[in-house]
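These are the residues of each chain, in order.
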Protein chains: 2
Amino acid sequence: MKDLRLLHTSDWHLGITSWNGTKPVDRRNELKKALDRIIEEAEKKDVDLFLITGDLIHNRSNPGFLAIHDVTEYLKKMVKIAPVVVLLGNHDWRGLKALGNLISSLSSDLVFLSSYEPVDVVAKRGQKVRLLPFPYPEESDYLEAKVLKGKSLDSYLETRLAKLREVGKEEFAVFLGHFTIEGLEPYTSNELGREITIKRTLLPSFSDYIALGHLHSFRIVQEQPLTIYPGSLIRLDFGEEKDEKGAVFVTVRKGGEPICNRIDTQPLPLKTLFFKTLDTLARKEIREFCEDFPGYVRIVYEEDPLKLAHELLSTVENVVKVEKKAERILQTDTSEIREEISKLDYFELFKEYVKNEHKGGEDIIRILDDLLEEVKKDET
Amino acid sequence: MKDLRLLHTSDWHLGITSWNGTKPVDRRNELKKALDRIIEEAEKKDVDLFLITGDLIHNRSNPGFLAIHDVTEYLKKMVKIAPVVVLLGNHDWRGLKALGNLISSLSSDLVFLSSYEPVDVVAKRGQKVRLLPFPYPEESDYLEAKVLKGKSLDSYLETRLAKLREVGKEEFAVFLGHFTIEGLEPYTSNELGREITIKRTLLPSFSDYIALGHLHSFRIVQEQPLTIYPGSLIRLDFGEEKDEKGAVFVTVRKGGEPICNRIDTQPLPLKTLFFKTLDTLARKEIREFCEDFPGYVRIVYEEDPLKLAHELLSTVENVVKVEKKAERILQTDTSEIREEISKLDYFELFKEYVKNEHKGGEDIIRILDDLLEEVKKDET
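Residues numbered from 1 in each chain as written. Chains lettered and ligands numbered in written order. Predicted model: local features only at pLDDT ≥ 70, side-chain atom pairs only at ≥ 80, totals over all residues. Heavy atoms only, no water.

## Here's the deal with the packing of aromatic side chains
In this description, an aromatic ring pair is defined by two values, namely the gap between the centres and the angle between the planes.
Residue and element names in this part refer to chain B.
Phase 1: Summed over the entire model, instances satisfying the criterion amount to 15 aromatic pairs over all chains.
Phase 2: Between the aromatic rings of tryptophan 19 and tyrosine 296, the centroid separation amounts to 5.2 Å while the plane-to-plane angle is 50°, which identifies the pairing as tilted. Taken together, the positions of tryptophan 19 in the loop between β2 (17-18) and β3 (25-26) and tyrosine 296 in strand β18 (residues 296-303) put the pair 277 residues apart, joining distant regions of the chain. Tyrosine 296 matches tryptophan 19 in its accessibility class, with the two residues each being buried.
Phase 3: Sitting above the plane of the phenylalanine 249 ring, lysine 45 keeps its charged end 5.4 Å from the centroid. (Phe/Tyr/Trp six-rings, centres within 6.5 Å; stacked < 30°, edge-to-face > 60°. Helix = DSSP H or I, 4+ residues; strand = E, 2+ residues; numbered from the N terminus. Buried < 20%, exposed > 50% of the residue type's maximum accessible area, 1.4 Å probe, protein only. Lys NZ or Arg CZ within 6 Å of the ring centre and 35° of its normal.)

Now the structure itself:
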């Protein structure tokens, strides 16, 4: 039986402008260079199937024309090399789903996965591949889980996963997901929408490869079955300063371990410079560092005796962020609150809010509960 | 040789909200009903090829998700019946061109025409059809004509048409255009962008059918070759009150005249009520009329002694516009100005503006002329 050569890439975020609050930088050229490099490697390596695990476009509600132009151009280039599978993520523009449905109905060479139903595709050299998709859930999925089935979102998603685990396989089986694996939450950057966290034991163990998206840093989650986040193509923010960036090339062999190679997209470096006191010497150091540095720079300081910190933004080209170091205690508090919140669903969050903000909030909560109860009855 | 059964529809304007200034009405349901009717007829009549001549989406710069969803859904339904050809218009969202390029590269059953190059397609029963496309020109076409080739836009477009007239034909030849035929300017509604007007003698006379879009009212332009504007699907504004609306079903027969039948989309009626004086009696008449009227109503009056004209908008559901009759002289002036403007191109318009608004404008005009001259030299 033939082996299966996969190229897995994710989290392109086309159309992103970084550091909007301080110095907006359009990342288009950097992203295009990274994608050109991936296309080049795919041609060299004679890929059988492309896997793209979500967040192709950064702006969910209103992407610019150039983002749409670029996403279509690169998909076109990939389809010329081999069939392409696209799973949608939390960032992805809703229009992409509509267009994906149209495209999937026209061609079997570009498949958009937007539901939890398994899809069979034929890779370049005729290999039969069963795709097990786990896209980012839509708002309607929450409502379905909560109101119609009286389930928590977690148990709803677990049921979905259980169904995928029961699916038989073709020659090959590839699971594609857009979520955070439990235990990797600290590596999730600030994202749109609710965080979805999945236990790795729930992933279908018969998969030949598990392709994940959402986390921006490259990470081999486990070897058995091989489970990888390729991460984003460029360093999108300073939390990703130390990340290597790129795609992965995976060869799945029957009767042997899969082989995995990284494709480095060689993005611009990011660098945070820390200063206790932003004095004249520090400012000189910054200027000298920035002169030779090809990427973008963030300055973090504790004291600013000259009151000139923000002037660095306008006078040094690659300084894109200047911030006073936040107190440690504040940071801890935020993460604790976030943990608290992540356990609640939308209705529970609303109830918490009402409880804290409104006198007589109990009445509102009772009305909400009655309404939910009624809807549930109506639908069953 | 087999005959060729064409279904030609145009100017859908999906996503349009009418009467934004006075009472916004989302026309989605009406448009969907019209499109459902067309799909139904296409199935009954066993169509060989769909022709769509532009303005599928109303909002050029930022269409809503539902407009994109609907356009993809209806294209999907059509492709299930027969191959579909889409020519882009002046309203169409630029993203549609990018997506069209991707889709055309994936499937020969849904062809987007966005350049002036002839394209050969195979219709449902294997008939070979050469398409001669004349889409609405982009801004870059103006610049190319003016700056690089030193031509007026008109002569640039005439050259394009001359090239299409020289193309040989396949079994069948169909010309598709999105513009106004000279002599029909009064039937052009207020539209986005510059008006393109083409002499009918410039159309390729060997065409078996000439499918036009842009005008919103149904119109058989000429019989030889058969040239038709099917018009929009619904009555988009009060200028279209008396229009029949729908699509056309054309059977092209070798060795015989083509046969043309209209498909009526039966849209809601629009009605303008005129009143010299908007007195109590007139207001009563309006209410009585509106009660039984299934469509939308505009009130035009000369005098409003009760000062209650605009109250009709909030108290009568289907009154969507209330306006005082404009003076005749004002209307004439506007159309004269428009005629004046339509003879100028962008650079000339800018020069006119500078001449009238700025003292010392001659300097600016001279600089502009020098720059244009320089660019021309650079490129040749």
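## Brief notes about helix α1 (residues 28-45) of chain B
Residues and elements named next belong to chain B.
Phase 1: The terminal C-alpha atoms of α1, which comprises 18 residues, lie 26 Å apart, in line with the 26 Å expected from a rise of 1.5 Å per residue.
Phase 2: All of the buried residues along α1 are Glu30, Leu31, Ala34, Leu35, Ile38, Ile39, Glu41 and Ala42.
Phase 3: Buried residues along α1 sit in contact with β1 (4-9), β4 (49-53), α2 (65-81), β15 (246-252), β16 (259-264) and β18.
Phase 4: In the segment just after α1, aspartate 46 is the residue with positive phi, at about 55°. (Expected span 1.5 Å × (residues − 1). Contact = heavy atoms within 4.5 Å.)

## Focus: the sheet that holds β1 of chain B
As a general point, the strands of a sheet are linked pairwise by backbone hydrogen bonds and lie either parallel or antiparallel.
All names here are of chain B.
Phase 1: Strand order in the open sheet formed by six strands is β6-β5-β4-β1-β15-β16, with mixed pairing between adjacent strands. Two strands lie at the open edges of the sheet, namely β6 (110-113) and β16, each paired on one side alone. Averaged over all pairs of adjacent strands, the angle between strand axes in this sheet comes to 20°, irrespective of strand direction.
Phase 2: Of the pairings in the sheet, the one linking β15 to β16 comprises six bridges and is antiparallel in character. By the bridge assignment for β16, phenylalanine 249 is matched with asparagine 261. (Pairing = 2+ DSSP bridges. Axes fitted to C-alpha atoms, helices over the stretch in contact; angles between N-to-C directions.)

## Overview of the nonpolar core
Phase 1: Among the nonpolar cores identified, the biggest contains 82 residues, and Trp12, Leu75 and Leu110 of chain A together with Trp12, Leu75 and Leu110 of chain B are the most heavily contacted of them.
Phase 2: Once residues lying within four places of it in the same chain are set aside, the contact partners of leucine 110 of chain B are Leu102 and Leu106 of chain A together with Leu75, Val79, Val84, Val86, Ile103 and Ser104 of chain B. (Core = buried A, V, L, I, M, F, W, Y, C linked by side-chain atoms within 4.5 Å.)

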